[in-house]
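Structural overview
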Amino acid sequence: METDCTRGEPPVNNAPIGPIGPIAALPAGTRLLHIGPHKTGTTAIQGALFAAKDELPAHGVVFPATSRHPMEAALAACARPAMMGDTVPTEKHWTRLLEQVEATGSRTSVISSEFFADAPDDETIARIVEQLGGERVHILVTLRPIARIMPSQWQQYVQNGLRMGYEDWLDHMLRKAPYEKPNPSFWRRHRHDRLVERWIRAVGADRVTVVVVDDRDRDGLMRTFESLLGLPEKLLQPVPDTANRSLTLAETEMLRKLNVEFRGNGLPDELYSKLVRNGAVMHMKNACSPTDADVKISTPAWAVEAAGRVGAEMAERIGAMGVRVIGDPALLSALPVIPSQPGAPAVEARIAPEVAAQALYGALAAAAAAPVRHTAEAKARTVHQTSTKELVRVLGHRCLKKLRRR
């Protein structure tokens, strides 16, 4: 069984690695570029930095962005597509962020977006570094174990239209070379040793810091950023963000099956963005908090073990690169505990009626925000005289027409 995804890589250096001592602050005037990748605490740190934006300058640090996450700027810089159905970012988004960074002058600045991890090639990475300040740029990579990232990343892909079930998706990511279907971005982001290598080629190992996130230490990432930026302790505080929570298994499966119907009816991507992701899903997340009774997305033992092996290889290779490593690299291969009850029937994930109601309301509210005109053809027939499939198509095209007018 092929699970290492490392064919064609140079031999692994077996030099021992481990936690380091006290964290030294970066030089004043550094432009710290936090590239994620996804599902490694990026949203939490972005929220904390944005909330403290007005206090940072007193300590010589600037957060040069007008929003918590300059996602459009990062996507434009990397020439990457937007989320399914969203407006395509333009070079103006990136230029605006560069102007904000330039305005920070000689002060330290921090830019954070996990979408920088999607930079497609060395040329793009080199251009990003040069435009942000060249030798002033320091790269920060935050890492978590692949076994913990996988369920969260899968449900995120489902929120962007994926129709494949979790175990089937794991089979493709871990067992089916070249491990790129249906989501080629997964290993681009999460083969962390190769990610670090790409950015080393642009700035050198001495200007790359890797932070291994310890999920047992809830405030650890905040304190690490404070130390790197020379900020007072506890200046950065977590900001509640229900919109960023992961979906439960039942919620994800409901959405995945909706994705199947959506694609099967040939509806436009713009409609998915407005009514599904930013309507139904967003409202459901904000209105419904998971409980202990909700079934979580569970990774099968074979996939956990495969992910652990990949994590161990990545940790060894990163340790041999000469970058500064903060935290315990052994965590990258740590295997999460999987509850096991031999002979016990699997618990079926069922969507609660109130959760389904909130999702439906979110879609209706999003549709109501962009009212559509009734055509003569629609007036000529009643709802009962029109097939369900045709009704869905009519609604979709009406909403899309209104979105384009707006």
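Below or above, wherever it landed, is the structure these notes cover. (Residues numbered from 1 in each chain as written. Predicted model: local features only at pLDDT ≥ 70, side-chain atom pairs only at ≥ 80, totals over all residues. Heavy atoms only, no water.)

**Some thoughts on the environment of Ile351**
Within the secondary structure, Ile351 sits in the loop between β6 (324-326) and α13 (353-368). Exposure remark for Ile351: the relative accessible area of 30% places this residue in the partly exposed category. Taking the C-alpha atoms as reference points, Ile351 and Thr252, separated by 99 residues in sequence, lie 9.5 Å from one another. Not counting the four nearest positions on each side in its chain, Ile351 is found in contact with Ala250, Glu251, Met254 and Ala356. (Helix = DSSP H or I, 4+ residues; strand = E, 2+ residues; numbered from the N terminus. Buried < 20%, exposed > 50% of the residue type's maximum accessible area, 1.4 Å probe, protein only. Contact = heavy atoms within 4.5 Å.)

**Remarks on unusual backbone geometry**
Put simply, Gly36 and Pro37 share a cis peptide bond, and its omega is 10 degrees. Considering the arrangement of structural elements, one finds Pro37 in the loop between β1 (31-34) and α1 (42-51). A cis geometry characterises the amide bond from Ala177 onward to Pro178, with omega recorded as 5 degrees. Looking at the element boundaries, Pro178 is found in the loop between α6 (166-174) and α7 (185-190). At Ala79, a position not held by glycine, the phi torsion is positive, near 55 degrees. As for its position among the elements, Ala79 is in the loop between α2 (71-77) and α3 (91-102). A positive phi is found at Tyr179, a non-glycine position, where the angle reads about 60 degrees.

**Describing the packing of helix α5 (residues 146-158) against α6**
Where α5 contacts α6, the axes come no closer than 11 Å and their chain directions differ by 110 degrees. As the angle between them shows, α5 and α6 are arranged roughly perpendicular. Pair α5 / α6 crosses with right-handed handedness. Touching Met150, Pro151, Trp154 and Tyr157 of α5 are Tyr166, Trp169, Leu170, Met173 and Leu174, all from α6. (Axes fitted to C-alpha atoms, helices over the stretch in contact; angles between N-to-C directions. Parallel < 35°, antiparallel > 145°, perpendicular 65-115°, else oblique. Left-handed = near helix turned anticlockwise from the far one by under 90°.)

**Description of the side chain of Arg207**
For Arg207, the location among the structural elements is in the loop between α8 (192-203) and β5 (208-212). A polar contact of 2.9 Å, which involves the side chain of Arg207, links it to the backbone oxygen of Val137. Among the polar contacts made by the side chain of Arg207, one reaches the main-chain carbonyl oxygen of Val203 at a distance of 3.3 Å. For Arg207, the contacting residues outside a window of four places in its chain are Val129, Gly134, Glu135, Val137, His138 and Ile139. (Polar contact = N/O pair within 3.5 Å; in protein donor to acceptor, adjacent residues only side chain to side chain.)

**Some points on the pattern of salt bridges**
Using the criterion set out here, one finds 17 salt bridges in the structure. Two residues, Arg277 and Asp86, come together in a salt bridge whose shortest N-O distance is 2.7 Å. Pair noted here: Arg277 is in helix α11 (residues 269-287) and Asp86 is in the loop between α2 and α3, with a separation of 191 residues, a long-range link. Owing to a relative accessible area of 7%, Arg277 belongs among the buried residues under this scheme. The partner of Arg263 in a salt bridge is Asp269, and the shortest N-O contact between them spans 2.9 Å. Given the relative accessible area of 35%, Arg263 is considered partly exposed. One salt-bridge network, in which partners are shared between bridges, spans Arg191, Asp193, Glu197, Glu313 and Arg317. (Salt bridge = Lys/Arg side-chain N within 4 Å of Asp/Glu carboxyl O.)

**Observations regarding the packing of aromatic side chains**
Scanning the model with the defined rule gives 8 aromatic pairs in all. Consider the rings of Trp154 and Tyr166, whose centres lie 5.0 Å apart with planes at 40 degrees: the pair is tilted. Residue Trp154 is located in helix α5, and its partner Tyr166 is located in helix α6; the two are separated by 12 residues in the primary sequence. Side by side, Trp154 and Tyr166 carry an identical accessibility label, which is buried. Look at Phe186 and Trp187: their rings are 4.9 Å apart centre to centre, the planes differ by 80 degrees, and that puts the pair in the edge-to-face class. The pair Phe186 / Trp187 is uniform in exposure class, with both members buried. (Phe/Tyr/Trp six-rings, centres within 6.5 Å; stacked < 30°, edge-to-face > 60°.)

**Some thoughts on the packing of α1 against helix α9 (residues 220-229)**
A pair of packed helices can be characterised by two numbers: the angle between their axes and the separation between those axes. Look at α1 against α9: their axes get within 10 Å of each other, and the N-to-C directions meet at 55 degrees. By the angle class used here, α1 and α9 are oblique. As α1 runs across α9, the sense of the crossing is right-handed. Contacts between α1 and α9 pair Ala44, Ile45, Ala48 and Leu49 from the former with Leu221, Met222, Phe225 and Leu229 from the latter. When grouped by side-chain class, the residues that make up the contact of α1 with α9 number 8 nonpolar, no polar and no charged. (Nonpolar A, V, L, I, M, F, W, Y, C, P; charged D, E, K, R; others polar.)

**Some thoughts on the pairing of β5**
Extensive coverage of β5 is indicated by the burial of 5 of its 5 residues. Relative to β5, strand β4 (residues 137-143) runs parallel, the two being bridged by 5 bridges. For Ile139, the partnering residue across the bridge sits in β5 and is Val208. (Pairing = 2+ DSSP bridges.)

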